[in-house]
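Survey of secondary and tertiary structure
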Amino acid sequence: MDDPHYRPWGKPRYWIAGLFAGVFGFVLIFGYLCMICCRSFRKTCARTLPTMDIENGDHERRNETSNVPATESISVDELSFSAINQISRFTYEEVRTATGNFTCLIGKGAFGPVYRATLPENRAIAVKVLAENSNQGEKEFLNEVLLLGRLHHKNLTNLVGFCSDSGHRILVFDFMRNGSLAARLHEHTYEPLTWTQRISIAQDIARGIEYLHDGAVPPVIHRDIKASNILLDSFMVARIADFGLSKESDSGRPASGVRGTYGYVDPEYFYSNNLTPKSDVYSFGIVLFELIAGRSPSEGLMEYVEVVLSMNGGRDVWLQLLDPRLHGNCDLKELNHIALIASRCAEAEVQKRPRISEVVQALARFRRTGGSKLDSLNLSSFNRFERKQRAERDMMQESSSMEDARG
Ligand SMILES: Nc1ncnc2c1ncn2[C@@H]1O[C@H](COP(=O)(O)OP(=O)(O)O)[C@@H](O)[C@H]1O
Ligand SMILES: [Mg+2]
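Computed from a predicted structure; not experimentally measured.

Concerning the overall build of the protein chain
- Looking only at helices and strands, one finds 11 helices and 10 strands in the protein chain.
- Residue burial in the protein chain is summarised as follows: out of 407 residues, 41% are buried.

Here it is as structure tokens:
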């Protein structure tokens, strides 16, 4: 016992090596067990959570008004279990029968063909069928069902139901007897819209956007306001359609990429990818000019506006812009006011544009009194930004990232 070399645990280096080997073995076995647990947990999640997201792989946040779980995305198969299950769900066979085997084509956009149909109770409907080659189709389908399932206003199209049956994706709307505003303005088979009808349509569109921005909870930015997405019902009431690209504005995430239609897209959104409700205001300004001039952006509407402005025609400058099909039949004072409102909405700088609620008030007020708060605007405020707008449009034309052929 008194031996100074006596060690009850053997030589120290064997003892340390044994300890290391033990710890290493334990870590190895523990890590392996953890990996197995994680894998089986992920498999369980994949079975219970839907995998399809609404926008670009991000999780869309929805509040209790839509009753869609806040942190989860939703798949087509789950639609019937979500809050929108008060909307009818049709089988493919029911849609096929209602459309008479898809015979009466009434429209076509990027989503796919639209057919006229009749439900058994004699209700006229429009059936929008997702085309097989539609890139964004599945997301747009979900977006439209989820948003229109909770948005209800007299100036929005009414979603009657949907069909998600053996790979078919179909949206069913109330039929709008007077077609799209684009067709009414640009197809010469129709009688030209009167000046009064144009003003009333402008007011309807503005009220529809106001509901989206200020009435809906959470607010919605339409992102694709244009004449072909404005439909006219049997009373010539305008309703905003096509919510495939729309976005809840308080989702707290940056916009996922510039979407919209060439000629109607807010230049500031185009360059900064910063989507705000004022982007809809810009597009609305373009539609107002289109209503005045009967000319579409693809026919050089805004270039025409600039030419007219440069003519320095004094008080009657906007008369030069008027749709020739109206043969001068309009109230000159109203024309000037509408054109000024359009100019303000289509300002290149976001801060210069009014809120849509101001536009609604301005449009309503001048119909009653022949004047509006926006009277105080002078043309020079528009001219100042004219050059900048032109440069921006030129650049937009060059950009290939723009989706310019949407329907
Ligand atoms: N409810 C409807 N009633 C009448 N026509 C419609 C209706 N919905 C769509 N259309 C027609 O189909 C066209 C394309 O519809 P839209 O909803 O804009 O589809 P997309 O997403 O493909 O652009 C419209 O411009 C219009 O002419
Ligand atoms: Mg469309």
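From this point, the discussion proceeds with the structure in view.
Thoughts on the sheet that holds strand S6 (residues 168-174)
- The strand order S1-S5-S6-S4-S3-S2 describes an open sheet built from six strands, whose pairing is mixed. Single-partner strands in this sheet number two, and they are strand S1 (88-89) and strand S2 (105-108).
- Sheet analysis places S2 next to strand S3 (residues 113-118), joined by three bridges and oriented antiparallel. Of the residues in S3, the one forming a bridge with Gly 107 is Val 114.

A few points about the packing of helix H7 (residues 277-293) against helix H8 (residues 301-310)
- The N-to-C vectors of H7 and H8 enclose an angle of 70°; their axes lie 10 Å apart at closest approach. One finds that H7 runs roughly perpendicular with respect to H8. On the side of H7, the interface is formed by Phe 289, Glu 290 and Ala 293, while H8 contributes Leu 301, Tyr 304 and Val 305.
- Here the contact of H7 with H8 is built from residues that sort into five nonpolar, no polar and one charged.

A word on the confidence of the model for the protein chain
- On average, residues of the protein chain score 79 in pLDDT, and 68% of them are at 70 or above.
- Across residues 370-387, confidence stays below pLDDT 50; counting only partners more than four residues off in sequence or on other chains, it has 23 contacts.

Some details on the site of ligand 1
- Not every one of the 21 residues close to ligand 1 is listed here, only the nearest: Gly 107, Gly 109, Phe 111, Ala 126 and Met 176.
- Those elements that place two or more of their residues in the shell around ligand 1 are S2 and strand S4 (124-129).
- For the shell around ligand 1, a count of residues per class yields 10 nonpolar, nine polar and two charged.
- Per-domain counts for the shell around ligand 1 show at least three residues from each of domain 1 (76-174) and domain 2 (181-246 + 256-406).

Things to note about helix H5 (residues 195-215)
- The end-to-end C-alpha distance of H5, which contains 21 residues, comes to 29 Å, matching closely the 30 Å that a straight helix rising 1.5 Å per residue would cover.
- Burial within H5 is extensive, with 15 of its 21 residues counted as buried.

Examining H8
- Within H8, the full set of buried residues consists of Leu 301, Met 302, Val 305 and Leu 309. The arc enclosing the buried residues of H8, seen along the axis, measures out at 95°, which places them on a common side. Opposite its buried face, H8 presents the exposed residues Val 307 and Ser 310, each directed more than 90 degrees away.

Examining the environment of Arg 198
- Mapped onto the elements of the fold, Arg 198 is located in helix H5.
- By C-beta crowding, Arg 198 is classed as buried, having 25 other C-beta atoms within 10 Å.
- Separated by 13 residues in the primary sequence, Arg 198 and Leu 185 place their C-alpha atoms 9.7 Å from one another.
- Setting aside its immediate chain neighbours within four residues, Arg 198 contacts Leu 193 and Leu 291.

Digging into unusual backbone geometry
- Residue Pro 218 is reached from Val 217 by a cis peptide bond, and omega for that bond is -5°.
- Mapped onto the secondary structure, Pro 218 falls in the loop between H5 and strand S7 (220-221).
- Unlike most non-glycine residues, Asn 273 shows phi in positive territory, near 60°.
- Structurally, the position occupied by Asn 273 is in the loop between helix H6 (267-272) and H7.

Re the packing of H7 against helix H9 (residues 332-345)
- Where H7 meets H9, the axes come as close as 7 Å, and the angle between the chain directions of the two elements is 150°. On the basis of the axis angle, H7 is roughly antiparallel to H9. Along this stretch, H7 crosses H9, giving a crossing that reads as left-handed. Residues Val 281, Tyr 282, Phe 284, Gly 285, Leu 288, Phe 289 and Ile 292 of H7 form the contact with H9, whose participating residues are Leu 335, Ile 338, Ala 339, Ile 341, Ala 342 and Cys 345.
- By residue class, the composition of the contact of H7 with H9 is 12 nonpolar, one polar and no charged.

Side note on the nonpolar core
- Counting residues in each nonpolar core, the largest one holds 89 residues, and the members touching the most others are Val 127, Ile 205, Leu 288 and Ile 292.
- By residue number, the principal contributor to this core is H7, which donates 10 residues.
- Other than its neighbours up to four places away in sequence, Ile 205 contacts Asn 155, Ile 230, Ala 238, Ile 240, Phe 284 and Val 287.

Here's the deal with the pairing of strand S5 (residues 159-165)
- By the criterion of burial, S5 is predominantly enclosed, with five of the seven residues buried.
- Sheet topology note: the S1/S5 ladder contains two bridges and is parallel. Bridging across to S5, Arg 89 finds its partner in Phe 162.
- Taken together, the six bridges between S5 and S6 define a ladder with antiparallel strand orientation. Within S6, the residue paired with Ser 164 across the bridge is Arg 169.

About the cut-offs
- Residues numbered from 1 in each chain as written.
- Chains lettered and ligands numbered in written order.
- Predicted model: local features only at pLDDT ≥ 70, side-chain atom pairs only at ≥ 80, totals over all residues.
- Helix = DSSP H or I, 4+ residues; strand = E, 2+ residues; numbered from the N terminus.
- Buried ≥ 20, exposed ≤ 12 C-beta atoms within 10 Å, placed from the backbone.
- Pairing = 2+ DSSP bridges.
- Axes fitted to C-alpha atoms, helices over the stretch in contact; angles between N-to-C directions.
- Parallel < 35°, antiparallel > 145°, perpendicular 65-115°, else oblique.
- Contact = placed C-beta atoms within 7 Å.
- Nonpolar A, V, L, I, M, F, W, Y, C, P; charged D, E, K, R; others polar.
- pLDDT = per-residue confidence, 0-100.
- Near = placed C-beta within 6 Å.
- Domains from an automatic or database assignment.
- Expected span 1.5 Å × (residues − 1).
- Arc of directions from axis to C-beta.
- Left-handed = near helix turned anticlockwise from the far one by under 90°.
- Core = buried A, V, L, I, M, F, W, Y, C linked by C-beta atoms within 7 Å.

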